[in-house]
Amino acid sequence: ILLWLVDRTGRLGPGPQDPDWGAFLSWLFFTSNALHQAALAMFYPHRPAGEANTDAARTAAQGQITARLGLIEAMLAAQNPRWLSPDHPGVLGYYIGILVRWLILLPPAPYGIVLADFPYLKAVLAAHEARPAALRVAASDGLGPTPFTNPGS
């Protein structure tokens, strides 16, 4: 669906003819196959580890999530790609924003993430959530004005 939106709008990410297409796809699939999967392990720790090992599975998932967000943070700091930047909202920023929202809200502590540990990513997500369309969706769904950077406020 995200690739269809990119293709359909021509604005939410680079297209197939864009030189950034490969890097964009790489990070989109990294988010889907690595970050999202680690988040699922956090929410449903019994799936990868069984009921008796949920605490160990959550601890492992927490480490994976922190490391994977760290990779995204390092990429943002080094490359500042236009397809994941505060200046150009896109599908990857919104996708990561939704995952981060879930992870920030995740009980019980200490398993949630601290977005302040990822300042470049936080800037991207703050810009994405401040867009008029995002504000309209957040308002209609009762998510508050900062659904990615400070959910629950």
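To continue, consider the overall build of the protein chain. The helix and strand inventory of the protein chain stands at 7 helices and 0 strands. What you see for the protein chain is a C-alpha radius of gyration of 16 Å, in line with the 15 Å of a compact globule of 153 residues. Summarising its shape, the C-alpha atoms of the protein chain cover approximately 50 × 35 × 30 Å along the three principal directions. Sequence-distant contacts, at least 24 apart, represent 65% of the contacts inside the protein chain between residues at least 6 apart. Surface exposure of the protein chain reaches about 8,100 Å², of which carbon and sulfur atoms provide 58%. Averaging the locations of the 10 positively and 10 negatively charged side chains of the protein chain gives two centres separated by 6 Å.

In this section: the pattern of salt bridges. Enumeration over the complete set of coordinates arrives at 2 salt bridges. Ionic contacts of the salt-bridge type, sharing partners, join the residues Asp18, Asp20 and Arg82 into one network.

When a protein is soluble and globular, its nonpolar side chains tend to lie buried together. Among the nonpolar cores identified, the biggest contains 35 residues, and Leu69, Ile72, Leu84 and Leu121 are the most heavily contacted of them. Contributions of two or more residues to this core are made by helix H2 (21-43), helix H4 (54-79), helix H5 (91-105) and helix H6 (119-129). Every residue in contact with Ile72, bar those within four places of it in the chain, is listed here: Trp27, Phe30, Thr31, Leu35, Leu84, Ile96 and Leu121.

Interaxial distance between H2 and H5 falls to 11 Å at its minimum, and their mutual angle equals 15°. Between H2 and H5, the crossing angle belongs to the class labelled roughly parallel. Relative to H5, H2 is oriented so that their crossing is left-handed. Contact with H2, carried on its side by Phe24, Trp27, Leu28, Thr31, Ser32, Leu35, His36, Ala39 and Phe43, involves Val91, Leu92, Tyr95, Ile96, Leu99, Trp102 and Leu103 of H5 and no other residues of that element. Here the residues of the contact of H2 with H5 are counted per class, giving 13 nonpolar, 3 polar and no charged.

Before going further, it helps to spend a moment on H6. Among the residues of H6, Leu121, Val124, Leu125, Ala127, His128 and Glu129 are the ones counted as buried. Summarising the contacts, the buried residues of H6 are in contact with H4, H5 and helix H7 (132-140).

Running from N to C, helix H1 (residues 2-9) and H2 point in directions that differ by 150°, and their axes come no closer than 12 Å. One finds that H1 runs roughly antiparallel with respect to H2. Relative to H2, the crossing made by H1 is right-handed. Taking contact as the criterion, the partners of Leu2, Leu3 and Val6 in H1 are, on H2, Trp21, Phe24, Leu25, Leu28 and Phe29. A breakdown of the residues in the contact of H1 with H2 according to their chemical character gives 8 nonpolar, no polar and no charged.

So, on to the confidence of the model for the protein chain. The predicted model of the protein chain has a mean per-residue pLDDT of 93, with 97% of residues at 70 or higher. Mean pLDDT per element in the protein chain: helix H3 (residues 46-49) is the minimum at 89, and H6 is the maximum at 97.

Take the packing of aromatic side chains next. On inspection of all chains with the given rule, the structure shows 5 aromatic pairs. By way of ring pairs, the aromatic residues Trp21, Phe24 and Trp83 are connected into one cluster. Seen from the ring of Tyr44, Arg47 lies directly overhead, with NZ or CZ sitting 4.0 Å from the centre.

Conventions we followed
Residues numbered from 1 in each chain as written. Predicted model: local features only at pLDDT ≥ 70, side-chain atom pairs only at ≥ 80, totals over all residues. Heavy atoms only, no water. Helix = DSSP H or I, 4+ residues; strand = E, 2+ residues; numbered from the N terminus. Rg over C-alpha atoms; globule rule 2.2 N^0.38 Å. Contact = heavy atoms within 4.5 Å. Areas by Shrake-Rupley, 256 points an atom, 1.4 Å probe, with all protein chains shown as cover. Lys, Arg positive; Asp, Glu negative; His and termini not counted. Charge placed at Lys NZ, Arg CZ, Asp CG, Glu CD. Salt bridge = Lys/Arg side-chain N within 4 Å of Asp/Glu carboxyl O. Core = buried A, V, L, I, M, F, W, Y, C linked by side-chain atoms within 4.5 Å. Buried < 20%, exposed > 50% of the residue type's maximum accessible area, 1.4 Å probe, protein only. Axes fitted to C-alpha atoms, helices over the stretch in contact; angles between N-to-C directions. Parallel < 35°, antiparallel > 145°, perpendicular 65-115°, else oblique. Left-handed = near helix turned anticlockwise from the far one by under 90°. Nonpolar A, V, L, I, M, F, W, Y, C, P; charged D, E, K, R; others polar. pLDDT = per-residue confidence, 0-100. Phe/Tyr/Trp six-rings, centres within 6.5 Å; stacked < 30°, edge-to-face > 60°. Lys NZ or Arg CZ within 6 Å of the ring centre and 35° of its normal.

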